[in-house]
Every structure is written in C-alpha cells, then in structure tokens.
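Each chain, letter by letter, is given below.
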Amino acid sequence: MPTNKNALVRYRILDRLLSDHHHYYDIHDLTEKVNGKLDDDGFEMVTQRCIEKDLINMQGLFSAPIEHDKKNGKNCIFYWNRSFTIFSQEMSREERSLLREVLSTLGQFGGLENFKWLDDFKIGLGLEDRRPIISFSNNPYYMSDPTLLGTLFDDISNEVVIRLSYHTFTDPTVRSIVFHPYLLRQYNDRWFLIGAADSDMAILNFALDRIDKVEPLPEKKYVECPDDLNERFDDIVGVTLYKDRPVDHILFWVSDASKDYVATKAIHDSQVRLKGEAEQNLRNQYSSLAGGAFFTIDCIRNYELIRELTSYGKELIVLSDCEVRNDILKRIHGMIDNYSKTVSIKYRTVYS
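As a starting point, this report considers the structure included with it. Just so you know, these numbers come straight off a predicted model, no measurement behind them. (Residues numbered from 1 in each chain as written. Predicted model: local features only at pLDDT ≥ 70, side-chain atom pairs only at ≥ 80, totals over all residues. Heavy atoms only, no water.)

## Topic: the environment of glutamate 52
In this fold, glutamate 52 is placed in helix H3 (residues 48-62). For glutamate 52 and threonine 31, which are 21 residues apart along the polypeptide, the C-alpha to C-alpha distance reads 8.8 Å. (Helix = DSSP H or I, 4+ residues; strand = E, 2+ residues; numbered from the N terminus.)

## Observations concerning the nonpolar core
Ranked by internal contacts, the top residues of the largest apolar core, which has 33 residues, are Ile250, Phe252, Ile267, Leu305, Leu309, Leu316 and Val318. If you tally residues by element for this core, the top one is strand E11 (residues 293-300), at five residues. Each residue touching leucine 309, except ones within four places of it in the same chain, is listed here: Ile267, Leu316, Val318, Val324 and Ile328. Within the second largest apolar cluster, 23 residues are counted, among which are Leu17, Ile51, Ile66 and Ile77. (Core = buried A, V, L, I, M, F, W, Y, C linked by side-chain atoms within 4.5 Å. Buried < 20%, exposed > 50% of the residue type's maximum accessible area, 1.4 Å probe, protein only. Contact = heavy atoms within 4.5 Å.)

## Describing the packing of aromatic side chains
Across all of its chains, the model carries eight aromatic pairs by this definition. With centroids separated by 6.2 Å and ring planes inclined at 80 degrees, the aromatic side chains of tyrosine 11 and phenylalanine 62 adopt a geometry described as edge-to-face. Residue tyrosine 11 is found in helix H1 (residues 7-18), and its partner phenylalanine 62 is found in helix H3; the two are separated by 51 residues along the sequence. Neither residue differs from the other here; tyrosine 11 and phenylalanine 62 are each classed as buried. Taken together, the aromatic side chains of Tyr166, Phe179 and Phe206 make up a single cluster linked through ring pairs. Directly above the aromatic system of tyrosine 242 lies the positively charged group of arginine 245, at a separation of 4.0 Å from the ring centroid. (Phe/Tyr/Trp six-rings, centres within 6.5 Å; stacked < 30°, edge-to-face > 60°. Lys NZ or Arg CZ within 6 Å of the ring centre and 35° of its normal.)

Next comes the structure, spelled out in structure tokens:
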C-alpha cells in the first residue's frame, strides 16, 4: 500500500508524539513509534526518510512549531508548544476554499485508488465537497493497472528506487530495469515516467501503458537527479530526446484555415510568427502559397515533432529544415502506400 495514501494516518501519529508532555523522541524513535502503530493498524511501514519528509510537510502545510534540541543525550524533535495540534487549527474562509480546490484539483489526476487519501485528508480537515470549478483532460484507463500513476507518484515523493518490468510496442517480451524515478510527465493525454537507470544513471522515459509491474527496492540508495529535468524538455516536442541531434531551425507555412489555431496553440515554446520584411521575402520566395502565415520553431527532431507537424495535413507545409521535411515526406509516402494496398480498385481509380 503506497505510503502517501497513509499520509494523514502518519500525520496523526506524529502529531501525538510531538506534543507528548512526558517523552522526547529523536528521528529513530519517531520512525519506530510510527511504524509500530502502522503495523498494528494493518498499514505498510515506512522509511526514516519518509518520516523526515512528513515533518517538513507538517511545517509547510500546517506551520507546525517543530523544534530540534538535545535532550538526554539525543537530538530530539518536538513541538515547542506542547498544546499545539495540526487538527484543531482555524482557517479563514478564503484559506478553506483555496485548500479545498487544491485538493480537488489534485484528485482529478487520478480518479485513481492511490489518491483516495486526498478525500481522507479533506474529511480530516472538515472540508466539504462541492462541484469542481476546473477540469483537466485525463484518461487513466488506458493503463493496465489504474493505480500505477498513484504508485509512481508515491515512489518519487518518497525517493524509492524501483524495479520496472515493461514491454515495448513492437515486442511483448517483458524486460526489467532497476530505476530511480524522478518525474511524471503528461504529453498528448499519455503519462510518462522519467528517471535514471541504476546501471549507468542514463536518463530514460517509459510510457505508463508499457509498464507491467513496479517493485520497490528500499534497500537500494536513491540517487537524486543532479539536473533540472524540466530543462530537458526545452528543446523538444513531447518526451523523446536524442542527445546526438542538433537543435534545428524549422520554417513552416500554415493555411488561413489553421494559422490562428497554430498561433494560439504553439507547436513549441520557441514558435515565432514571421511578419514584416521577413514575411514578404518568404511570400516572394514561395509565391505558390496563397495567404496563410509563416512560423519558425527551434527544436530537436524527434518522433513527436514529426507526428505533430504531419497532423495538420495539407494545412501545414514544412519549408526547411531538410531532414524534417524528409521525415514528413517518408510518413506521407508510407500513408499513400498503405492506402493504395487497402482501398479498392474502383476508389483508387477515382482518386488517382
């Protein structure tokens, strides 16, 4: 059972221990006491690192007056105000409303069993449910295990090394890898896990619908990512990064029917619409293209980029870079070949 699902349970136990008037506990004592109570109540036990993060969360979420001081030869942790409890704080109407909406918004990223602790959390704070006022596109049901997103969320949060069993689209053979999970990223309504292989710490990504099993390996030391993973996506569309490929300057034209859509929903963050003298020079160069607009993006060529550019059909034409154009032409020719093999002779005659 994932530890984050039991966050509220652990907070309640820690809250009592930190306000104990008669005893002082160090981090080892707190971990032992919490795990003893979790075990008695049928919950999965947690690591010392998890308890340390719980204490940080309690300070951040509830302004818990946690103090560290040496008592009886131990580095003890306790509430300096022993009458404090995180479960009897008064919140303003605005604070309650904001917290309720934040929890409801987080809950939308599951509809998943592992996020039911959010409902318990709301109940514990006395926050009533109400109609959602923001909705995200989300489809967790393409995954074979609907709890997988919550499980991986928990593993990343608690810095747990995992063993992934997975298969590819082209090969059903199940493979295994020891993995340090860092980030869950959504692209095109699919979730991807980004992390490092334990063998060489190479950054890899796995689509969640290709993952068959996740096993925690608490005995292995978790290695944090030394880089800002979000920067990894600055130069790409989607999640696939080829380090040996350069950033290409890509010029494309979009028809009047789609130019406003592309302008307001950029294909990449670097997208620029060309105007003025630059636009006029292109219109002179490509006089066969009537109307529309010219755009540029600067990104690394990958599968997701080619698919995105091709998805506009005849409404978008890539004018340069040559390798991007060639990849698109290969895809178009492949489509024509496939249709030619499957469409009847009569229709092939009509549309040839």
